[in-house]
Amino acid sequence: MIYRLIKNLDDEDIPIILCVYKQPLVSQFIGIDEENYWKYVTSTDNVYFYKIYKNDILVATIHLELVDRVLYMSVVVFPEHQKQGIATIILKDIQAGKLGLDFIRIKVSIDEKNTASLKLFESVGFICVNKDEELLEYEYSKG
């Protein structure tokens with residue numbers, strides 16, 4: 001996997017990403033405020049938005065925010081590339097420190113209806129630590 005950070009508002013892949021995020025398979029679980037989102041991720045310290053490529057094809061994105069050594073994240077594998085192990089590789093790369101972020105824990109909130117994501121995060125060592133309405137909070141601790 002190749003990880004490329006979106007650094008500016010004129011990134012050529014933003015329109016493609018927006019199209020994917022509007023697809024029902026994605027939008028039912030994650031949404032972004034198009035007007036302000038890209039400015040936020042390109043100009044805020046400790047906020048990172050990576051495009052992920054496999055064989056030169058954009059297959060996924062991750063949004064990461066590092067606060068007091070806790071990494072908050074979301075991952076979106078594009079629907080046509082799901083069920084190929086891509087998300088598992090991405091999560092293991094993050095856990096292994098391949099993005100160079102100094103964290104001790106990773107936290108993610110998952111819609112309880114998103115059973116594929118629940119299984120994914122559990123399979124790489126995340127534990128459910130809290131339930132808030134329809135969202136389950138999962139956590140991974142280093143070491």
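Let me begin by describing the structure that accompanies this report.

### A closer look at the layout of surface pockets
Each pocket or cavity is described by its volume, and for the largest pocket that value is around 990 Å³. Lining of the largest pocket is provided by 39 residues; of these, Val-75, Val-76, Val-77, Asn-114 and Ser-117 occupy positions nearest its centre. For the lining of the largest pocket, the element with the most residues is strand β4 (residues 70-77), which contributes six residues. For the lining of the largest pocket, the residue count by class is 20 nonpolar, 13 polar and six charged.

### Brief notes about helix α4 (residues 86-95)
Of all 10 residues that make up α4, seven are buried, and the element is covered over most of its length. Taken as a whole, α4 has its buried residues at Ile-86, Ala-87, Ile-90, Leu-91, Asp-93, Ile-94 and Gln-95. Taken from the residues just after α4, Gly-97 is the one with a positive phi, measuring 80 degrees.

### Here's the deal with the sheet that holds β4
Spatially, seven strands are ordered β1-β2-β3-β4-β5-β7-β6 in an open sheet, and the strand pairing comes out mixed. The sheet is open, and its two borders are formed by β1 (2-5) and β6 (127-132), each paired with just one other strand. Neighbour-to-neighbour, the strand axes of this sheet turn through a mean angle of 30 degrees, independent of strand direction. Contacts between helix α1 (residues 14-21) and the sheet are confined to β2 (47-54), β3 (57-67) and β4, with β3 contributing the most and set at about 85 degrees to the helix.

### Describing the packing of aromatic side chains
One pass over the structure, following the stated rule, counts six aromatic pairs. An angle of 80 degrees between the planes, with centres 5.0 Å apart, marks the rings of Tyr-37 and Trp-38 as edge-to-face. Trp-38 gets classed as buried once you look at its relative accessible area, which sits at 5%. For the ring pair Tyr-37 and Phe-49, a centre distance of 5.8 Å and an interplane angle of 85 degrees mean the geometry is edge-to-face. Linking Tyr-37 in helix α3 (residues 34-43) with Phe-49 in strand β2, this pair joins segments that are 12 residues apart in sequence. When sorted by exposure, Tyr-37 lands in the same class as Phe-49, which is buried. Ring pairs connect the aromatic residues Tyr-37, Trp-38 and Phe-49, which therefore count as one cluster. Lying over the aromatic face of Tyr-53, Arg-4 brings its terminal NZ or CZ to 4.3 Å of the ring centre. Over the ring of Phe-103 we find Lys-142; its NZ or CZ atom is 4.4 Å from the centre of that ring.

### Points about the nonpolar core
Counting 32 residues, the largest nonpolar core has Ile-62, Leu-64, Met-73, Ile-90, Ile-94 and Phe-121 as the members making the most contacts within it. Among the secondary structure elements, those contributing two or more residues to this core are β2, β3, β4, α4, β5 (105-111), α5 (115-123) and β7 (135-141). Excluding residues that lie within four positions of it along the chain, Ile-90 makes contacts with Tyr-3, Ile-52, Ala-60, Ile-62 and Val-75. Among the nonpolar cores identified, the runner-up in size contains 15 residues, and Ile-6, Trp-38, Val-47 and Leu-58 belong to it.

Parameters and conventions
- Residues numbered from 1 in each chain as written.
- Predicted model: local features only at pLDDT ≥ 70, side-chain atom pairs only at ≥ 80, totals over all residues.
- Heavy atoms only, no water.
- 1 Å grid on protein atoms, 1.4 Å probe; cavity = no way out; pocket = protein on both sides within 12 Å on 5 of 7 lines; lining within 4 Å.
- Points joined across faces, edges and corners; volume = space filled by probe spheres on them.
- Helix = DSSP H or I, 4+ residues; strand = E, 2+ residues; numbered from the N terminus.
- Nonpolar A, V, L, I, M, F, W, Y, C, P; charged D, E, K, R; others polar.
- Buried < 20%, exposed > 50% of the residue type's maximum accessible area, 1.4 Å probe, protein only.
- Pairing = 2+ DSSP bridges.
- Axes fitted to C-alpha atoms, helices over the stretch in contact; angles between N-to-C directions.
- Contact = heavy atoms within 4.5 Å.
- Phe/Tyr/Trp six-rings, centres within 6.5 Å; stacked < 30°, edge-to-face > 60°.
- Lys NZ or Arg CZ within 6 Å of the ring centre and 35° of its normal.
- Core = buried A, V, L, I, M, F, W, Y, C linked by side-chain atoms within 4.5 Å.

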